[in-house]
Amino acid sequence: MSSTERFLKLCEELEKAIEGDHWELAEDLFAERGRLIESGDLSGMTPEFREQVTASDARCQTLIRQKQRTLVGAVQRMQDIEKYGRQDR
């Protein structure tokens, strides 16, 4: 498997880990991606490859923002319940 194929595979696995709330795995995959970038093995990236990586990064950022909004909303609800008590209607 070439470095670019390996990198794209890491991108796919990272997206799946984020979607599935597997944060430790996502962190490890992100670190592995960083090591591969730092190794210089990706120096011959084609424009198509760059587009794929950019698209994957955008999807990951969107997923993380969605997860963050969900978590912030849950924390706010818990704080409201703690502050005002449960008000089932």
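Above: the structure in question.
Described in the following lines is the structure provided in the data block. Worth saying up front: this structure is predicted, and the values here are computed from it rather than measured.

Description of the pattern of salt bridges
Right, so step 1: Under the defined criterion, the tally for this structure stands at five salt bridges.
Right, so step 2: A salt bridge links Arg59 to Glu15; its shortest N-O distance comes to 2.9 Å. Here Arg59, found in helix α3 (residues 47-84), pairs with Glu15, found in helix α1 (residues 3-19); they are 44 residues apart in sequence, far enough to count as distant.

Some points on α1
Right, so step 1: A rise of 1.5 Å per residue sets the reference length of α1, with its 17 residues, at 24 Å; its end C-alpha atoms lie 24 Å apart and thus fit the reference within 8%.
Right, so step 2: Taken residue by residue, α1 has Phe7, Leu10, Cys11, Leu14, Glu15, Ala17 and Ile18 as its buried positions. Projected down its long axis, α1 shows its buried positions confined to an angular sector of 165°, all on one face.
Right, so step 3: Elements in contact with the buried residues of α1: α2 (23-38) and α3.
Right, so step 4: Asp21, located one to two residues past α1, shows a positive phi value of around 60°.

The rules we used
- Sequence order as written defines residue numbering, which begins from 1 separately in each chain.
- Under the rules for a predicted model, residues below a pLDDT of 70 receive no local features and side-chain atom pairs below 80 are neither given nor counted, while totals for whole chains, interfaces and linings still include all residues.
- Excluded from the side-chain calculations are hydrogens and water; all other atoms, namely the structure's heavy atoms, are used.
- The rule for a salt bridge is simple: a side-chain nitrogen of Lys or Arg has to be within 4 Å of a carboxyl oxygen of Asp or Glu.
- Secondary structure follows DSSP: runs of H or I at least 4 residues long count as helices, runs of E at least 2 residues long count as strands, and numbering of each begins at the N terminus.
- Each helix should span, by expectation, one fewer than its residue count multiplied by 1.5 Å.
- Here's how the labels work: a residue is buried when its accessible area is under 20% of the maximum for its type, exposed when over 50%, partly exposed in between, all with a 1.4 Å probe on protein chains only.
- To be clear, the arc concerns the directions from the helix axis to the C-beta atoms.
- Here, two residues are considered to be in contact whenever any of their heavy atoms come within 4.5 Å of each other.

Any functional reading would require information that these geometric values do not contain.
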